[in-house]
Number of protein chains: 4
Amino acid sequence: MVIVMRENATDQQINDVAEKLHEYGLDVHKVVGTQRTILGAIGDVGNVDHRAFKIMDGVFEVHRISEPYKLAGRIFHADDTVIQVDNAVFGGNQVTVIAGPCSIESAEQLLTIAKAVKNAGAKVLRGGAFKPRTSPYAFQGLGVEGLKILKDVSKECNIPTISEVMRESQLDIVAEYVDILQIGARNMQNFPLLSEIGKTRKPVLLKRGMSARIEELLMAAEYIMAGGNYQVILCERGIRTFENYTRNTLDISAIPVVKKLSHLPIVADPSHGTGLRNKVAPMARAAVAAGADGLLIEVHHDPDHALSDGPQSLLPSQFSRLMEEVRMIAWAIGRKID
Amino acid sequence: MVIVMRENATDQQINDVAEKLHEYGLDVHKVVGTQRTILGAIGDVGNVDHRAFKIMDGVFEVHRISEPYKLAGRIFHADDTVIQVDNAVFGGNQVTVIAGPCSIESAEQLLTIAKAVKNAGAKVLRGGAFKPRTSPYAFQGLGVEGLKILKDVSKECNIPTISEVMRESQLDIVAEYVDILQIGARNMQNFPLLSEIGKTRKPVLLKRGMSARIEELLMAAEYIMAGGNYQVILCERGIRTFENYTRNTLDISAIPVVKKLSHLPIVADPSHGTGLRNKVAPMARAAVAAGADGLLIEVHHDPDHALSDGPQSLLPSQFSRLMEEVRMIAWAIGRKID
Amino acid sequence: MVIVMRENATDQQINDVAEKLHEYGLDVHKVVGTQRTILGAIGDVGNVDHRAFKIMDGVFEVHRISEPYKLAGRIFHADDTVIQVDNAVFGGNQVTVIAGPCSIESAEQLLTIAKAVKNAGAKVLRGGAFKPRTSPYAFQGLGVEGLKILKDVSKECNIPTISEVMRESQLDIVAEYVDILQIGARNMQNFPLLSEIGKTRKPVLLKRGMSARIEELLMAAEYIMAGGNYQVILCERGIRTFENYTRNTLDISAIPVVKKLSHLPIVADPSHGTGLRNKVAPMARAAVAAGADGLLIEVHHDPDHALSDGPQSLLPSQFSRLMEEVRMIAWAIGRKID
Amino acid sequence: MVIVMRENATDQQINDVAEKLHEYGLDVHKVVGTQRTILGAIGDVGNVDHRAFKIMDGVFEVHRISEPYKLAGRIFHADDTVIQVDNAVFGGNQVTVIAGPCSIESAEQLLTIAKAVKNAGAKVLRGGAFKPRTSPYAFQGLGVEGLKILKDVSKECNIPTISEVMRESQLDIVAEYVDILQIGARNMQNFPLLSEIGKTRKPVLLKRGMSARIEELLMAAEYIMAGGNYQVILCERGIRTFENYTRNTLDISAIPVVKKLSHLPIVADPSHGTGLRNKVAPMARAAVAAGADGLLIEVHHDPDHALSDGPQSLLPSQFSRLMEEVRMIAWAIGRKID
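Below is a short write-up of the structure.

Rules behind the numbers
- Residues numbered from 1 in each chain as written.
- Chains lettered and ligands numbered in written order.
- Predicted model: local features only at pLDDT ≥ 70, side-chain atom pairs only at ≥ 80, totals over all residues.
- Heavy atoms only, no water.
- Helix = DSSP H or I, 4+ residues; strand = E, 2+ residues; numbered from the N terminus.
- Contact = heavy atoms within 4.5 Å.
- Areas by Shrake-Rupley, 256 points an atom, 1.4 Å probe, with all protein chains shown as cover.
- Lys, Arg positive; Asp, Glu negative; His and termini not counted.
- Charge placed at Lys NZ, Arg CZ, Asp CG, Glu CD.
- Least-squares fit on C-alpha atoms with pLDDT ≥ 70 in both.
- Buried area = accessible area lost by both parts, 1.4 Å probe.
- Salt bridge = Lys/Arg side-chain N within 4 Å of Asp/Glu carboxyl O.
- Polar contact = N/O pair within 3.5 Å; in protein donor to acceptor, adjacent residues only side chain to side chain.
- Phe/Tyr/Trp six-rings, centres within 6.5 Å; stacked < 30°, edge-to-face > 60°.
- Buried < 20%, exposed > 50% of the residue type's maximum accessible area, 1.4 Å probe, protein only.
- Lys NZ or Arg CZ within 6 Å of the ring centre and 35° of its normal.
- Pairing = 2+ DSSP bridges.
- Axes fitted to C-alpha atoms, helices over the stretch in contact; angles between N-to-C directions.

1. Things to note about the overall build of chain A
And then number 1: Secondary structure summary: chain A contains 11 helices and 14 strands in total.
And then number 2: Considering only C-alpha atoms, chain A reaches an extent of 75 × 45 × 35 Å along its principal axes.
And then number 3: The long-range share in chain A, meaning contacts at least 24 apart out of those at least 6 apart in sequence, stands at 67%.
And then number 4: As displayed, chain A offers around 11300 Å² of accessible surface, 47% of which is attributable to carbon and sulfur atoms.
And then number 5: Mean positive and mean negative side-chain charge positions of chain A (38 and 40 charges, respectively) differ by 4 Å.

Dropping the structure here:
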């Protein structure tokens, strides 16, 4: 922690700050400049609330200088984490595509879509069984019935699966039926849920909250990793901005920033990131071009009659064409999509 | 729902849209203007995804025209809801102040603060037992032990209490010990938790999410009310903006807007809304001047040694002075603080 | 400037950074901690781009530690600046109200409104002659004709005036006719215009840009003050947030923050800050309660036929009642409105 | 315009609204639904302030239903506008790259960079002579001297040029020396400057404001086009978000959205959009993958000693490699870079 004193701070004020730092068990290094004094605090500042100093007399600014996350950062884990689920690989040279419908609606529906997306190159099948909806009156998903369908289709098509877990009490059942657990954007800071998932040993896909800073996303990953579960795939799914033409604004720049700060793989979800079918392909291409480790794409063979998010789902034919485009883009930047 | 066609939309495109509206069981009224055609859809549009129309050929814009919330809105409930907890009243002519420490630390600490705030005019005692923390390594609250202290102090001082519930499994125990349940900002869209609370008959204080629109706050209240629990107190606690001098930006204008759209009472939390002790009083005064039904204020007799949020806690003497100021402001706008 | 090295930074990397600091003529103080090294740079860092260090190998974070503004800050000017225009005072114990129509439409219109607002207690008359409009097809103001009307009414009612200047070429003529120059939110970073106004000796009311941080507002004031014109009144007029019920979100917390960082007076404009007549009074009261030095209120005797911003204009009777309320609120916090 | 009445609106209230619409010369179509009445207003609503209706009794919502921009929209101009400057083409199948230093510093500097970027495939040379700086104490550019250098280098290398114009009084001189005028983000709503540029017949590159919605960007283009200058190239250069790791957040999704709403070409500026050298290449690739018509890239052969924005400038070797990558990406989506 670095505390910058005001230019006109008195010796008394400087001493008061130094003393308070000592109270916290910190070593203090004083740098006396031509205009102002700076106090550097050395030691474990993990539990120090920097605002306690910000409000002291004579203090101009307080800078926290260590990353609050440890396990999610590159400092102690320089190499990229690679997470393998069957033959889907997240985090290597490979770009891996997850696809499927927003909601599981029936065995027929899921099987039709699963075959199409696997055929086009998807390596993981997505499908929602428990759906978080902003209205209490909207379709809330098939629940356990949906999970069973997902499991059956997974076996029949030989493709691993991902599905969202919304509450602690669903954790066991979802973990039983799927290969990757998904945490939705609205639960990114549901700390009890994150802690419980940290106790499992299932791979997790953690979506960035609608207005979360990247540091907050990494702190949410830290919650899971602090429990011993290191298999965390991060997911950029769009942030809220002033632009309202699209549902959210997919923050492509989060991809290279996360790659710099963290060793965890990051994928992009252009379906939720835009909310509009005809914007999905350009943004999926952009994500791969920017270095994403994968994509999460909603596909539906009959989107007009989908029970949720039909307007942002690609048709299987559109998905196939997109796969061709991103395959070439991956190749252009030295990566590959099997 | 109103669908505005493009100026150059073809008859075929207009018919396609009309037909799709009919498929949803909606009546269609066509308004043919000099430049473009507008289709008004009459009927239950609750489960229609408006984007399904937005992406159709020839469509320019789609406007949803009914409030998605029903129970929380003024349409079917024109009069202000008044929630009474012992002799604390939320929603009438009265302005009611909730005060206490951020975290319950010990019986002595809480009793000291409770006496001080009650003496100054607070009508409800706040105190956190389960604390949501962005770091998994930070103090997480005293838990059930804290709830017991809260109950004891409540009895001794004859003042009702409020404390946060963070997860479904805590609901029963928190409900047993406190008078008002608090839902934190990060849980505003934790839909399973909201639903469970809707099944209780305990008054709830629901905090606005960090980046939530007012409509989303009202939809979260709707989740609780849909379960039959109508005793919801809304709370403005600061939104995220680009300004980083304060922790959050307390959105004072949310107060008159909520009063217009909803019959539910709304209080303001200037402690979390600013994060800095010396900004709490001006913002508390502003909230009352703008018409808030109450305040939620953090008070600590020894904030330098508080286990959480000390820097934003008022000293008891500062709290007393603030009470005097807001009493006069309430009076200036025709309200009162007993 | 403080440069925080990564925990695993090499001696070579630390030396490279130190050397680069020396190149800029800065003294370097090295603080070697248990986990990482911090370099404090002492000297004139005004023209150093901190990103030049942020991208160096081994660097974790760079903190700029001096305010970029000098003249606008409290460091060298601890006492509040008081700006007097006839008997309107900005910055003292007084709360001063500016009122009038959005646009000057005719001599009759302005005179009617001027009499009403002066009678209710306004000390300065506002009225737009040059109007910035987002559409090139909208009413752009009466121009010089409007300025003449403003001058005439000012004399007849014996009240000083304020009007907006939008471009450098208008500066002389506006300065000739009005007492206070207004810079609109969209011109807050029109640096050439700010520089030109800095060369005049006219009081200026500078509006905060729609998405500007407070530091940026103070830097804009610095541009004016660097030219020798120290009579700057700051104005909070609403920021853009995700909430779209109101046109903008009046940031009341900016008032106490500005009072802490700067000696310049700050007023609030709840008319533009909300855009809706029935929200103006609550937000005006809130601004005064939070410590604003004044208000800027749009008033129109016939808002239904106003040529601009009628929907956010108060009627004279509403304005009178508001003046009574804010008078009592000012008194409640130890200030006064004559 | 569509006016949605409250569910409990009285006949009187509905009639009042209808009458007011008639006052504006609009035709009124009334749609009586099962729950509420909707009034559709047909006619020229360009100068109607929709808030005038929003505040009327009984009104629930008001929707403006026509695009406020005409010339910039696709309605009356379905085909893409193609702007040709020498052999640089904006808006066709071609992806066109503009490159050069942030500031012109000397003839040697500019010539060195110009040769390098032209050699790598850039089609237009950028270089700032008048620099908008947030601090009045920072380097403000070489001015006319810089323009002369730009002209000389342009001739020697046979490459057209672009440079920023910040104020009306600079317009003639900048137009004399450069081929494309640039309007910076802070001037996107400097309406007098836009109007003046509309009177010229020079191609213009118009940057999106830091917090502007896409509609506002198109309205700014409308200001220029209303004067008869239709050669407007739009530029996405990053918006302000809560993330502060990067200087701005380059909004890649603006590219497909603009392509849908407008016929004008759009380019991306990843240098300002990220502010960090090592983020420029991923974001440039993303922009091309999303369908941008071009790029604006800062390049400097000695960025450590650049007078402005060195940290975000690519080295010539990095720029060459980037050109190879974007060439392949353009090809992957059926476009080309000559």
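Once the structure has been displayed, the description carries forward.
2. Brief notes about the relation of the copies chain A and chain C
And then number 1: When chain A is brought onto chain C, the operation consists of a screw motion whose angular component is 180° and whose axial shift is 0.0 Å, with 0.0 Å RMSD remaining. In short, the pair behaves as if placed about a two-fold rotation axis. Of the C-alpha atoms belonging to chain A, the one lying closest to the rotation axis is found on A:Phe242, 3.1 Å away.

3. Here we look at the interface of chain A and chain C
And then number 1: Taken together, the 26 residues of chain A in the interface contact 28 residues of chain C.
And then number 2: A buried area of about 2500 Å², summed over both sides, lies between chain A and chain C, and 66% of it is on carbon and sulfur atoms.
And then number 3: At the junction of chain A and chain C, the tally comes to 0 salt bridges.
And then number 4: Taken together, the links from chain A to chain C amount to 0 residue pairs in polar contact (both at pLDDT 80 or more).

4. Side note on the packing of aromatic side chains
And then number 1: In the structure shown here, the tally under the stated rule is 12 aromatic pairs over all chains.
And then number 2: An angle of 50° between the planes, with centres 5.9 Å apart, marks the rings of B:Tyr24 and B:Phe53 as tilted. Residue B:Tyr24 is found in the loop between α1 (11–23) and β2 (27–32), and its partner B:Phe53 is found in helix α2 (residues 51–54); the two are separated by 29 residues along the sequence.
And then number 3: B:Tyr24 sits in the partly exposed class, given a relative accessible area of 32%.
And then number 4: Seen from their ring centres, D:Phe191 and D:Tyr223 are 4.6 Å apart, and the 20° between their planes marks the pair as stacked. On the criterion of sequence distance, the pair formed by D:Phe191 in helix α6 (residues 191–199) and D:Tyr223 in helix α7 (residues 214–225) is long-range, its members being 32 residues apart. For the pair D:Phe191 and D:Tyr223, a shared accessibility class is recorded, and that class is buried.
And then number 5: For B:Lys54, the ring lying beneath its charged end belongs to A:Tyr245, and the centroid distance is 4.7 Å.
And then number 6: In this structure, D:Arg240 packs its charged tip against the face of B:Phe242, placed 5.9 Å from the ring centre.

5. What to know about the sheet that holds strand β2 (residues 27–32) of chain D
To summarise the sheet geometry, strands pair through backbone hydrogen bonds and adopt either a parallel or an antiparallel arrangement.
Residue and element names in this part refer to chain D.
And then number 1: Read from one edge of the open sheet, 4 strands run β2-β3-β1-β4, paired in antiparallel fashion. Across the chains shown, the open sheet's two edge strands, defined by having one partner strand only, are β2 and β4 (59–63). The average angle at which neighbouring strand axes cross in this sheet is 20°, direction not considered.
And then number 2: Two elements, β2 and strand β3 (residues 37–42), share 6 bridges in a ladder whose sense is antiparallel.

6. Comments concerning the side chain of C:His272
And then number 1: Along the chain, C:His272 turns up in helix α9 (residues 270–274).
And then number 2: Here C:Gln312 takes part through its side chain, which lies 3.5 Å from a polar atom of the side chain of C:His272.

7. Quick look at the interface of chain D and chain C
And then number 1: Between chain D and chain C, the contact holds 51 residues from the first and 52 residues from the second.
And then number 2: The three residues of chain D that bury the most area against chain C are D:Arg51, D:Tyr137 and D:Arg240, which together make up 16% of that side's buried surface.
And then number 3: Summed over the shared surface of chain D and chain C, the number is 8 salt bridges.
And then number 4: For the salt bridge of D:Asp304 with C:Lys20, the shortest nitrogen-to-oxygen distance reads 3.7 Å.
And then number 5: Counting residues per element, the ones that place at least two in the side of chain D that touches chain C are α1 (11–23), α2 (51–54), α6 and α7 of chain D.

8. Observations concerning unusual backbone geometry
And then number 1: The backbone of A:Asp86 shows a phi angle near 55°, a positive value even though the residue is not glycine.
And then number 2: Here A:Asp86 is to be found in the loop between β5 (83–85) and β6 (88–90).
And then number 3: Positive phi outside glycine occurs at B:Asn158, with the angle close to 55°.
And then number 4: On the secondary structure map, B:Asn158 appears in the loop between α4 (144–157) and β9 (161–164).

9. Let's talk about the relation of the copies chain D and chain C
Both copies of the chain are tied together by a single rotation about an axis and a shift running along it.
And then number 1: Each copy superposes on the other: chain D lies on chain C with an RMSD of 0.0 Å after a rotation of 180° and an axial shift of 0.0 Å.
And then number 2: Take the interface residues of chain D: 100% of them recur as interface residues in chain C, which is what a same-surface contact looks like.

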